[in-house]
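Residue-level listing of the chains:
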Amino acid sequence: MSGASVCLFTSQIVFARDTYEASNYSLTTSATGKATFLDLPPGKYYVLGDLRLGKFRLMERALVEIKDKVFSDTLPLNLK
């Protein structure tokens, strides 16, 4: 969905706060619902995706590991 916030964290402690503050990388999804982070160094990233639709909030959390510069994945957002 377009307009969702997607943030990446390198610290699990900061990620656990359930807020975008202090994220290492952040984007808003495009009209096609995609967010593309370019040139991320290899490592573990904690991903927080969030979309607010009126009184509803769609949110997902995930851990991804990037081993090479080329990485692609889809993170579905679920109703909370």
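The structure displayed is predicted, hence computed values, not measured ones.

Remarks on the environment of S2
Secondary-structure assignment places S2 in the segment before β1 (5-9). Classification of S2 as partly exposed rests on a relative accessible area of 41%. In the structure, S2 is positioned 29 residues away from A31 in sequence and 4.8 Å away in space, judged by C-alpha atoms. Discounting residues that sit within four places of it in the chain, S2 has contacts with T29, S30, A31, G33 and L51.

Thoughts on the pattern of salt bridges
Two side chains that carry opposite charge are able to pair once their charged atoms sit near each other. A full pass over the atoms with the stated rule returns two salt bridges. In this structure, a network of salt bridges that share partners links the residues D50, R52 and R57.

Focus: the environment of F9
Relative to the elements of secondary structure, F9 occurs in strand β1. Among the residues examined, F9 registers a relative accessible area of 0% and is labelled buried. Taking the C-alpha atoms as reference points, F9 and S26, 17 residues apart in sequence, are found 9.0 Å from one another. Contact partners of F9, with chain neighbours within four places excluded, come to V14, F15, T19, Y20, E21, A22, S23, N24, K44, Y45, Y46 and L48.

Conventions adopted
Residues numbered from 1 in each chain as written. Predicted model: local features only at pLDDT ≥ 70, side-chain atom pairs only at ≥ 80, totals over all residues. Heavy atoms only, no water. Helix = DSSP H or I, 4+ residues; strand = E, 2+ residues; numbered from the N terminus. Buried < 20%, exposed > 50% of the residue type's maximum accessible area, 1.4 Å probe, protein only. Contact = heavy atoms within 4.5 Å. Salt bridge = Lys/Arg side-chain N within 4 Å of Asp/Glu carboxyl O.

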